[in-house]
Structures are given as C-alpha cells and as structure tokens.
Amino acid sequence: MIIHSARYFGGATTVDRCPATQLPEFAFIGRSNVGKSSLINLLTQNGKLALTSSKPGKTILINHFLINDKWFLVDLPGYGYAKRSKELSGTFGQMIRDYILKRPNLDLLFVLIDSNVPPQAIDLNFINWLGEHEIPFHIIFTKADKLSKAELKRNVEAFCQALGNSWEQLPPYFTTSATRRIGREQILQCISDIIKHS
C-alpha cells in the first residue's frame, strides 16, 4: 500500500462523537509510552502527524487520521499509566472499552507491546479481555532497534509463551522499529489485504 495522503481528521472524547462515516478503521492501542505516535508517523511517513512525547499519557482522545481518503487510522489513549488520577483512568478506560466494543466499522485493533520488557500482566489481561469479547486484533512489538536479534527473539517468545497459557492459537504479530523503519510494509500490507476483502 502506498500512502498518498494522511491528515488529522479530529479527536473525540466518546465513541458517539467519532466521525459519522462507514469508512474502515484500524486502531492502535498499548500501554502509555509504548511508541504509538512514532509508529503512526512511520506508517504515514509524516514525522509530525501524531504528536510524540517522552512523557506518558500524551494521547487523551480518540484521534482519527484519514488515510488516502479511504480509511481511518485511529490512535487510542494508552492504558495503564499509574500517574493519572483514578478518575481520569476510569474515564479513559470507559472511552477505550466503548470504542472497541461499540464502533461498528472497527476492522482491526493493533495492540502495541514494548519488546524491551518482560511480559506485563496488564498487556496479557487486556489481550485476554479482547479474546473474551471476540475482538479481532494483531500484536505489534515496538522498539525492536534497542535489542539484539537474539534478545528480541527471546523477549517475543517469552511474551508468546505467556500468552499461550490462555490461547490455543496465538494472534498474528509484527516487530517494528520507528528508528530503523522496520515493519512498515508488513503492517500496511495487512491493512490493505483486510480492506480488499471486506
């Protein structure tokens, strides 16, 4: 897939305020500071499209980016940021749940996992929750450039093994690096294939 155009379409605080279109949507979610904005900028080849920050919790809205005037890339707020107040965490949690469960044109959810850390309970619990609600998703392991190939392989296998305790068949996954531009073509091809067959 070639990205001809990518523009910010709008941000919503609730699912009912999301764009009133039937265009397919591909949403990205993960723990705060997992590298969502960097990945979105890599996919669209626009370093300024999604705001990046060294501080967790930058995304606080359901942000829609219109790609090629044909589909939406959706940046969801990160989950599991402990420094947020309980009230805000509850709001974001409800926002995320409502979007995932109630947005009819969500074609696929990409769950971003930091490849540099051991399996985290919050990620595993979130993925299990997706399975319970039969939400289609793929996994993206981010920040692969910070590890050797052996370390990356070991960490990915450790996560898959932890996930295998709850899943008979593991979901598809990608490894990415925004710095080294790894994984872009594979993810865009995945999106393209889904759009063609939907």
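Structure first, text after, so check above.
To keep things clear, this report deals only with the structure shown in the data block.

Here is what the cut-offs are and how they apply
Residues numbered from 1 in each chain as written. Predicted model: local features only at pLDDT ≥ 70, side-chain atom pairs only at ≥ 80, totals over all residues. Heavy atoms only, no water. Core = buried A, V, L, I, M, F, W, Y, C linked by side-chain atoms within 4.5 Å. Buried < 20%, exposed > 50% of the residue type's maximum accessible area, 1.4 Å probe, protein only. Helix = DSSP H or I, 4+ residues; strand = E, 2+ residues; numbered from the N terminus. Contact = heavy atoms within 4.5 Å. Pairing = 2+ DSSP bridges. Axes fitted to C-alpha atoms, helices over the stretch in contact; angles between N-to-C directions. Phe/Tyr/Trp six-rings, centres within 6.5 Å; stacked < 30°, edge-to-face > 60°.

Before going further, it helps to examine the nonpolar core. If you look at the biggest cluster of nonpolar residues, it comprises 35 residues, and the most contacted ones within it are Ile29, Tyr99, Ile100, Leu109, Val111, Phe126 and Leu130. Residue assignment for this core shows that the elements contributing at least two residues are strand 2 (25-30), strand 3 (62-67), strand 4 (71-75), helix 2 (86-102), strand 5 (106-114), helix 3 (121-132), strand 6 (137-142) and helix 4 (149-164). Setting aside residues up to four positions removed in sequence, Leu109 forms contacts with Ala27, Ile29, Leu76, Ile100, Phe126, Leu130, Pro136, Phe137 and His138. Grouped together as the second largest cluster of nonpolar side chains are 23 residues, Phe26, Phe28, Ile40 and Ile67 included.

It is worth spelling out the sheet that holds strand 1 (residues 6-12) at this point. Strand order in this open sheet of seven strands is 1-3-4-2-5-6-7, and the pairing throughout is mixed. Pairing within the sheet leaves two strands with one partner each, and these edge strands are strand 1 and strand 7 (173-175). Each strand axis lies, on average, 25 degrees off the axis of its neighbour in the sheet, ignoring direction. Against the sheet, helix 1 (residues 36-44) contacts strand 1, strand 2, strand 3, strand 4, strand 5 and strand 6, and its axis sits at roughly 160 degrees relative to strand 4.

Okay, the packing of aromatic side chains next. For the structure shown, the criterion picks out nine aromatic pairs. Seen from their ring centres, Phe28 and Phe110 are 4.8 Å apart, and the 25 degrees between their planes marks the pair as stacked. On the criterion of sequence distance, the pair formed by Phe28 in strand 2 and Phe110 in strand 5 is long-range, its members being 82 residues apart. When the ring of Phe110 is compared with that of Phe174, the centres are 6.4 Å apart and the planes differ by 55 degrees; the resulting orientation is tilted. Taken together, the positions of Phe110 in strand 5 and Phe174 in strand 7 put the pair 64 residues apart, joining distant regions of the chain. This pair shows no difference in class: Phe110 is buried, exactly as Phe174 is. Ring pairing ties together the aromatic residues Phe28, Phe110 and Phe174, which thus form one cluster.

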